[in-house]
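# Architecture at a glance
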Amino acid sequence: MEKPSNLLLKLSRRLFTNLDEQEKFVEALINPQPFPSSILWCQEKPEVSPFTVETPIYWQPQFIDRLQLGEKPGQHPLHEKGYFYCLDFSSVFAASTLLTIPQPVDLIFDMCAAPGGKSIFAWKALQPDLLISNEVIGKRLGMLISNFKRCNISSSTVVNRDSSIFAETIPASSNLVIVDAPCTGQSLLAKGEKAPGCFHPTAINKSANRQKRIIANSAKLVAPQGYLAYITCTYSPEENEQVCEWLLERFPDFQAVEVSHLTKYQSHLTTIPCYRMFPQDGLGAGAFTVLFKNTNENQNQKINLDAISALYIYQNIQKSS
């Protein structure tokens, strides 16, 4: 078996005081086990699933199925026809904070959208009038647009600009802004994938600084009484709880929202209501998630669609029936 690095051991001691939990966490990363896949039904969920489905977890939304280990939904004909989208169950956990947001929702803006899972989850759960999904990395745009087309994500547009552009052009406009932030990707190891240098302090600090810049720009987009969802797939406190603390210091109108169905996943590293899934729990590779609310009671800024329509790369404006 692979020997854990000193940096991984150091992180495990920061995350857990309990020796048994430290060992389980390290084991999950150096000897990864397969996790069941899950699917999000974009179209009407059939009464009888074509897959063998695990018993739903109490916080799992109706439109998600967690499949038995060994099922390969990506090879099923219904996948190609856009009936469902495949995603890691950790992503379901992270996006489930959105289930607490009251409807109706006019505008959702996903700042780091590719390959599209959180956008599609938000679209399905909240049925916005308009979904704008941004992806700043050009080579990732293809898969985002492809997934939107395949799944027929209506009332949606795809854009490709730095977060600062939107902070300037459409401030205080969005009822929900999602930041599934670029991170060191430490949870990739729990999937048996590579993430070179993911525990190195230099990589972590560089990532945390980028996250702070993106979340600050994203916060400027949030309408009064709107929401900001911050999500990562990494474990370092610098990229998670410490980013939350940084945001709340600089944006005093923002407050973290308690998500009652995730109470048992509350991070023990902070008093801020934010939530973690770890790979040793056996549900997914891991995620961090928090939902902020902009408590400002000013009027929403009406979004000037003309201001960003020139940025559209793909759009499907037809509303779903």
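Residues numbered from 1 in each chain as written. Predicted model: local features only at pLDDT ≥ 70, side-chain atom pairs only at ≥ 80, totals over all residues. Heavy atoms only, no water.

The protein chain is annotated in an unreviewed UniProt entry as Fmu (Sun) domain-containing protein from Nostoc linckia z8.

### Structural notes on the sheet that holds strand 3 (residues 84–87)
In spatial order, the strands read 2-1-3; together these three strands make up an open sheet with antiparallel pairing. Here the strands that pair on one side only, and so sit at the sheet edges, are strand 2 (64–66) and strand 3. Taking the axes of each pair of neighbouring strands and ignoring which way they run, one obtains an average angle of 25 degrees across the sheet. Here four bridges tie strand 1 (residues 38–41) to strand 3, and the two strands are oriented antiparallel to one another. Bridge pairing links Ser38 to Leu87 in strand 3. Docked against the sheet, helix 5 (residues 117–126) engages strand 1, strand 2 and strand 3, running at close to 45 degrees with respect to strand 1. (Pairing = 2+ DSSP bridges. Helix = DSSP H or I, 4+ residues; strand = E, 2+ residues; numbered from the N terminus. Axes fitted to C-alpha atoms, helices over the stretch in contact; angles between N-to-C directions. Contact = heavy atoms within 4.5 Å.)

### Some thoughts on the packing of helix 8 (residues 201–219) against helix 9 (residues 241–250)
At a minimum axis distance of 10 Å, the contact between helix 8 and helix 9 shows a crossing angle of 40 degrees. When the axes of helix 8 and helix 9 are compared, the pair comes out oblique. Considering the relative orientation of helix 8 and helix 9, their crossing is right-handed. Facing Ala208, Gln211, Lys212, Ile215, Ala216 and Ala219 of helix 8, the residues of helix 9 in contact are Val243, Trp246 and Leu247. Across the contact of helix 8 with helix 9, the residue classes tally to seven nonpolar, one polar and one charged. (Parallel < 35°, antiparallel > 145°, perpendicular 65-115°, else oblique. Left-handed = near helix turned anticlockwise from the far one by under 90°. Nonpolar A, V, L, I, M, F, W, Y, C, P; charged D, E, K, R; others polar.)

### Examining the packing of aromatic side chains
On inspection of all chains with the given rule, the structure shows 15 aromatic pairs. The ring of Phe89 has Arg66 sitting right over it, with the charged end atom 5.5 Å from the ring centre. (Phe/Tyr/Trp six-rings, centres within 6.5 Å; stacked < 30°, edge-to-face > 60°. Lys NZ or Arg CZ within 6 Å of the ring centre and 35° of its normal.)

### A look at the pattern of salt bridges
This structure, assessed with the given rule, holds nine salt bridges. Linking Asp88 and Lys191 is a salt bridge whose minimum nitrogen-to-oxygen distance equals 3.9 Å. On the criterion of sequence distance, the pair formed by Asp88 in the loop between strand 3 and helix 4 (89–95) and Lys191 in the loop between strand 7 (174–180) and helix 8 is long-range, its members being 103 residues apart. You can call Asp88 partly exposed: its relative accessible area is 22%. (Salt bridge = Lys/Arg side-chain N within 4 Å of Asp/Glu carboxyl O. Buried < 20%, exposed > 50% of the residue type's maximum accessible area, 1.4 Å probe, protein only.)

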